[in-house]
Amino acid sequence: MSSVQRPRAAPAALAVALLATAGWVVTVRSSELMDPSAPVFLGLWTAMMAAMMLPSAAPLIVLYRRGASAAQTAFMTAGYLLVWAVLGSLAYAYMRSGAMVPAWLVFGAAGVYQLTPLKAACLRRCRTPADFLILRWGRDPLSLGIEHGGWCAGCCWALMVVLVVAGSMGLWWVAGLALLVLLEKRAPQGELIARVTGVVFVALALTEGVFGWPGI
């Protein structure tokens, strides 16, 4: 790392940490808010996604900042969060619809997806930020963030469905799934963790479907 690059990395890492922390503060304080309007929900959802996703995206953001300006890095981060904000509109539509999807079906579908080649392909791109940037360096930062957010969504959308449908966006579910996302993307055995999670989810689905046990 050059002397020019080094001072850029630490502030970028601090900014990501502050954004994620702010997201957690908003998420915790808004946990008791009932029936928010669409704009309020999307704002809270985006804050929650910042809390859950930015820690695992930090290596990409910090690495990008080493060769880009602060404004470019901010636009890339905004593009990343924009993807999750758009997906939040789907979560809002589901919650307003009054639909009731069985928990076993949600866990089963999410567990199966965790074991698919598509999940593995998306996860590999999330786990290798250097490769992602090398192949796309010089592109518009907003579109770069949107693309990486798309790969991240491809990796984690099933976990977010579990959060919304089965977990009802409870704080313990938010914290647990945030930790799982971080481990999948940053732990040395992250790909194995993703597959083990898939097996556990399928087992929970079978348990609920066969025995009708409550609580999942």
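Preceding block: the structure.
Residues numbered from 1 in each chain as written. Predicted model: local features only at pLDDT ≥ 70, side-chain atom pairs only at ≥ 80, totals over all residues. Heavy atoms only, no water.

(A) Structural context of the state of the cysteines. Evaluated as defined, the whole model comprises zero disulfides. We note that Cys155 lacks a disulfide partner, and the nearest cysteine sulfur, in Cys156, lies 3.9 Å from it. Taking the relative accessible area as the measure of exposure, Cys156 reaches 0% and is therefore buried. (Disulfide = S-S within 2.5 Å. Buried < 20%, exposed > 50% of the residue type's maximum accessible area, 1.4 Å probe, protein only.)

(B) Inspection of a nonpolar patch on the surface at higher detail. A surface patch of nonpolar side chains, about 420 Å² in accessible area, is lined by Phe75, Leu82, Val86, Leu142 and Ile146. Looking at the nonpolar patch, the elements that each hand over two or more residues are α3 (70-97) and α7 (141-166). Tallying contributions element by element places α3 first for the nonpolar patch, with three residues. Structurally, Val86 can be placed in helix α3. (Patch = residues over 30% accessible without salt bridge, like charges linked within 9 Å, V, L, I, M, F, W, Y side chains within 5 Å. Areas by Shrake-Rupley, 256 points an atom, 1.4 Å probe, with all protein chains shown as cover. Salt bridge = Lys/Arg side-chain N within 4 Å of Asp/Glu carboxyl O. Helix = DSSP H or I, 4+ residues; strand = E, 2+ residues; numbered from the N terminus.)

(C) View of the packing of helix α2 (residues 38-65) against α7. At their nearest, the axes of α2 and α7 sit 11 Å apart, and the two run at 135 degrees to each other. Judged by the inter-axis angle, α2 sits oblique to α7. Here the hand of the crossing between α2 and α7 comes out right-handed. Between α2 and α7, the contacting residues are Trp45, Met48, Met49, Met52, Met53, Leu60 and Tyr64 on the first element and Pro141, Leu144, His148, Cys152, Cys156, Met160, Leu163 and Val164 on the second. Of the residues in the contact of α2 with α7, the class split is 14 nonpolar, one polar and no charged. (Axes fitted to C-alpha atoms, helices over the stretch in contact; angles between N-to-C directions. Parallel < 35°, antiparallel > 145°, perpendicular 65-115°, else oblique. Left-handed = near helix turned anticlockwise from the far one by under 90°. Contact = heavy atoms within 4.5 Å. Nonpolar A, V, L, I, M, F, W, Y, C, P; charged D, E, K, R; others polar.)

(D) Broad picture of the packing of aromatic side chains. Scanning the entire structure with this criterion turns up six aromatic pairs. Note on Phe107 and Trp173: the rings are 6.0 Å apart at their centroids and 55 degrees apart in plane angle, and the pair reads as tilted. Highlighted residues: Phe107 in helix α4 (residues 103-114) and Trp173 in helix α8 (residues 171-186), separated in sequence by 66 residues. Look at Trp173 and you get partly exposed, because its relative accessible area is 30%. In textbook terms, an aromatic cluster arises when at least three aromatic residues are bridged by ring pairs, as seen for Phe41, Trp45 and Tyr92. Directly above the aromatic system of Trp151 lies the positively charged group of Arg125, at a separation of 4.2 Å from the ring centroid. (Phe/Tyr/Trp six-rings, centres within 6.5 Å; stacked < 30°, edge-to-face > 60°. Lys NZ or Arg CZ within 6 Å of the ring centre and 35° of its normal.)

(E) How the structure looks around the nonpolar core. Within the largest apolar cluster, 53 residues are counted, with the highest numbers of intra-cluster contacts made by Met52, Met53 and Trp84. With residues up to four places along the chain from it excluded, the contact list for Met52 reads Met160, Leu163, Val174, Leu177, Ala178 and Val181. (Core = buried A, V, L, I, M, F, W, Y, C linked by side-chain atoms within 4.5 Å.)

(F) Spatial organisation of unusual backbone geometry. Even without being glycine, Ser168 reaches a positive phi, approximately 50 degrees. By the secondary structure assignment, Ser168 is in the loop between α7 and α8. The backbone phi angle of Met169 is positive, close to 60 degrees, even though this residue is not glycine. Mapped onto the secondary structure, Met169 falls in the loop between α7 and α8.

(G) Structural context of α7. Helix length check: α7, at 26 residues, gives a terminal C-alpha distance of 35 Å against a target of 38 Å (1.5 Å per residue), a fit within 8%. Its maximal kink placed at Cys156, α7 deviates by approximately 55 degrees. Once α7 finishes, Ser168 follows within two positions and takes phi at roughly 50 degrees, a positive value. (Expected span 1.5 Å × (residues − 1). Bend = angle between axes of the 7 residues up to and from the residue.)

(H) Highlighting the pattern of salt bridges. The tally for this structure, following the rule as stated, stands at three salt bridges. A salt bridge links Glu184 to Lys119, with the shortest nitrogen-to-oxygen separation between them at 2.7 Å. In this pair, Glu184 is assigned in helix α8 and Lys119 in helix α5 (residues 117-127), connecting sequence segments 65 residues apart. You can call Glu184 buried: its relative accessible area is 0%. The exposure class assigned to Lys119 is buried, which follows from its relative accessible area of 1%. For Glu147, the salt bridge identified is with Arg139, shortest N-O distance 2.4 Å. Taking relative accessible area as the criterion, Glu147 reaches 21% and is therefore assigned partly exposed. Exposure remark for Arg139: the relative accessible area of 34% places this residue in the partly exposed category. The network of salt bridges with common partners includes Arg136, Arg139 and Glu147.

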